[in-house]
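Here's the letter readout for the chains.
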Amino acid sequence: MQNLLPKSLPDLDKEHWKYSNVNAALKKLDVALSQPVWEMTGAFEFLHPDIENGVHLSIPKNKQFMRPIELKLTGGEGQHLDTKIVIDVAEGASLKIIERQTGCGAYWKNIKVDINLAANAQLEYYRLCEEDPFCVVTEFLTANLARDARFNAVVVNGCSGFGRNEFKVHLNGAGAYADLSGLALLRGKQHGDTTICVDHIAPHCKSSQFFKTILQESARGVFQGKIHVYKDAQKSDGYQLSNNLLLSPLAEMDVKPELEIYADDVKCSHGTTTGELDETPMFYLRSRGLNEQDARKLLIEAFVGEVLDKMTDETIRALFDERVQLWLK
Amino acid sequence: MLKIKNLTAEIDGKQILNGLDLEVKAGEVHAIMGPNGAGKSTLSYVLSGRDGYDVTGGTAELDGINLLDLNPNERAAAGLFLAFQYPVEIPGVGMTNFLKTALNSIRKARGQNELEALDFLKILKSRQKELGIADDMLKRAVNVGFSGGEKKRNEVLQMAMLEPKFCILDETDSGLDIDALKIVADGVNKLRAPDRGFLVITHYQRLLDYIVPDVVHVLAKGKIVKTGGAELAKELEAKGYAELVA
Ligand SMILES: Nc1ncnc2c1ncn2[C@@H]1O[C@H](COP(=O)(O)OP(=O)(O)O)[C@@H](O)[C@H]1O
Ligand SMILES: [Mg+2]
């Protein structure tokens, strides 16, 4: 089975994939390589023709967009989609991207996203995954940030059967800032894995990882987050928080935070919680008249709301919120 | 109004309330004073139905309704309100949404119509003004980032919004400076009414200079050991609890 995996899949070293058996998930599928068709709204003039099976956007210097650009990929029964998004943002340009993933049937999407932000470039990257519960998705995002570049990503995963979302962020230029947050909504026998590594390579960079998971039934979640501070990356500011809500006794969550720090003048912190809804706020709400069901609902909405609040664009937030509320019902 | 008879309760199998008797009539304010660990908070949680506080005997009725049979939200609908000693922070739940959901839940349970946003805001504005609560506080998440004084004022705001029959204030004075204490006491005094009762739990006599009680009880080792008038509080302040607890 190992040789079925294309080269575009990230390294499969055992430690890195410890909690997620992608080979076993793929074995259950019967898929054949198919041509991915990306639907796109606007910005066609910035398409670079060099990629056949994906999308390459090349944004010129200082270009600003009024509207977000939406990229959508739909999976179908029996398909193996091996595809790529490349976004090059030149100096001082800024844009918002919405990546939407949907599909129906048992398929495998293997998606590589390469983001290159030049000095002072800004990208807000929103991903909404509403995949088929029987598909497999492996998505690997790499972001390279030059001096004072800003990368904000919010990822909402109403998950696939088996999903692995990986992020590798390189803070290459001083003053770069990466803010990553996400919400994974898992139920049934779904498996959702978020694996992140932020490399603080240059000094004075800032990064934040804020990820939450809600698990129902016998779902399984994984969060692996690493902050890696290089020797010369003084004054690095790294933050990581993973909060996970187990709504069923059969659900399971594995969390592995990791700090690897070689500079001496840095500020890094991480924290994680996994458990049921807290009794204390539950009692507080009920003592104010909310019945159990309403109190739970309010607390779960609050739990997801903290991630959605990371979205500065009201319209995009409303879209994501609507999809999340549907899932929570 | 509130009738408690021979109430016993335990936490984790450890008996905390040891046969407590108490009766508060409509329109009265009773104070409960007592040393730390006496069981004052336990009494307030037992009355409001918190999980983990197991009643092993006795009765507690509010206007003839057996509180002990009801879950916490049913007790709230029956008119019971607890101002928490440590108000709970709820990140992600906005104050206004919280207050509106609470008020409408209670109205619904009482068979009243739910309030529209505009009518709700009218009530909120007037209560807010009375308690000197800034707009900014209502834009934040429930108790998140509130100072000690703001948290306690927020408890009184909720009390004023929900219009309970019976209010328990658990050490609402702790951690307040004198100005904050006056505002909170003022808010409570405005709510005093012939058909409403209060149980004011405090460790210090200070609060009772501002909320003058009709009756003062001393709670020690899980039961009422002494009952008197407002002057009992002064006496306790002077002598301390040692004599009574011994
Ligand atoms: N959650 C708990 N678990 C175990 N023991 C508790 C708990 N809460 C309170 N107690 C015990 O119950 C007794 C009464 O506590 P409490 O009601 O908080 O007293 P007060 O409010 O009068 O200071 C104390 O001995 C305390 O240690
Ligand atoms: Mg107490």
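On a predicted model such as this, the values are computed, not experimentally measured, just so you know.

Colleague: Looking at this structure, how should I read the overall build of chain A?
Modeller: Across its full length, chain A carries 4 helices and 18 strands. For 329 residues, the compact-globule estimate of 2.2 N^0.38 gives 20 Å, and chain A sits close to it at 20 Å. In terms of overall dimensions, chain A has a C-alpha envelope of 55 × 50 × 40 Å along the principal axes. Per-residue burial for chain A yields a buried fraction of 57% across its 329 residues. Once local pairs closer than 6 in sequence are excluded, the contacts in chain A between residues at least 24 apart make up 83%. Here chain A has roughly 14,000 Å² of accessible surface; of this, 50% comes from carbon and sulfur atoms. Charge separation in chain A, taken as the distance between the mean sites of 37 positive and 46 negative side-chain charges, equals 1 Å.

Colleague: Explanation requested: the sheet that holds strand β1 (residues 2-11) of chain B in the structure shown.
Modeller: Residues and elements named next belong to chain B. Strand order in the open sheet made by the 4 strands is β2-β1-β4-β5, with antiparallel pairing throughout. With one partner strand each, in any of the chains shown, β2 (14-24) and β5 (65-66) form the two edges of the open sheet. One ladder, built from 8 bridges, connects β1 with β2; its direction is antiparallel. Bridging across to β2, Lys3 finds its partner in Glu23.

Colleague: Help me understand the pattern of salt bridges in this model?
Modeller: Two side chains that carry opposite charge are able to pair once their charged atoms sit near each other. Within this structure, the stated rule accounts for 37 salt bridges over all chains. Taking the shortest distance from any N to any O, the salt bridge between Glu322 of chain A and Arg323 of chain A comes out at 3.8 Å. By relative accessible area, which is 25% here, Arg323 of chain A ends up partly exposed. Of the charged contacts in the structure, one is a salt bridge between Lys239 of chain B and Glu235 of chain B, with a shortest N-O distance of 3.6 Å.

Colleague: Sorry, what's going on with the packing of helix α3 (residues 95-109) of chain B against helix α6 (residues 148-162) of chain B here?
Modeller: Relative placement of two packed helices is described by the angle separating their axes and the distance separating the axes. All names here are of chain B. Here α3 crosses α6 at 35°, and the two axes come no closer than 10 Å. Crossing of α3 over α6 shows right-handed handedness. Of the residues in α6, those touching α3 at Met95, Phe98, Leu99, Ala102, Leu103 and Ile106 are Asn154, Leu157, Gln158, Met161 and Leu162. Each residue belonging to the contact of α3 with α6 can be placed in one class, and the counts come to 9 nonpolar, 2 polar and no charged.

Colleague: I tried to follow the coordination of the magnesium ion (ligand 2) on my own but got confused; where do I start?
Modeller: Each donor-metal-donor angle would ideally measure 109.5 degrees in four-coordinate tetrahedral geometry, or 90 or 180 degrees in six-coordinate octahedral geometry. Residues and elements named next belong to chain B. Protein coordination of the magnesium ion (ligand 2) is provided by Ser41 (OG) and Gln85 (OE1), with donor distances spanning 2.1 to 2.3 Å. Of this pair, Ser41 sits in helix α1 (residues 40-48) while Gln85 sits in the loop between β6 (80-83) and β7 (90-94); the two residues are 44 residues apart in sequence, bridging distant segments of the chain. Among the residues examined, Gln85 registers a relative accessible area of 12% and is labelled buried.

About the criteria used
Residues numbered from 1 in each chain as written. Chains lettered and ligands numbered in written order. Predicted model: local features only at pLDDT ≥ 70, side-chain atom pairs only at ≥ 80, totals over all residues. Heavy atoms only, no water. Helix = DSSP H or I, 4+ residues; strand = E, 2+ residues; numbered from the N terminus. Rg over C-alpha atoms; globule rule 2.2 N^0.38 Å. Buried < 20%, exposed > 50% of the residue type's maximum accessible area, 1.4 Å probe, protein only. Contact = heavy atoms within 4.5 Å. Areas by Shrake-Rupley, 256 points an atom, 1.4 Å probe, with all protein chains shown as cover. Lys, Arg positive; Asp, Glu negative; His and termini not counted. Charge placed at Lys NZ, Arg CZ, Asp CG, Glu CD. Pairing = 2+ DSSP bridges. Salt bridge = Lys/Arg side-chain N within 4 Å of Asp/Glu carboxyl O. Axes fitted to C-alpha atoms, helices over the stretch in contact; angles between N-to-C directions. Left-handed = near helix turned anticlockwise from the far one by under 90°. Nonpolar A, V, L, I, M, F, W, Y, C, P; charged D, E, K, R; others polar. Donors = N, O, S within 2.8 Å, 3.2 Å for Na, K, Ca; no water.

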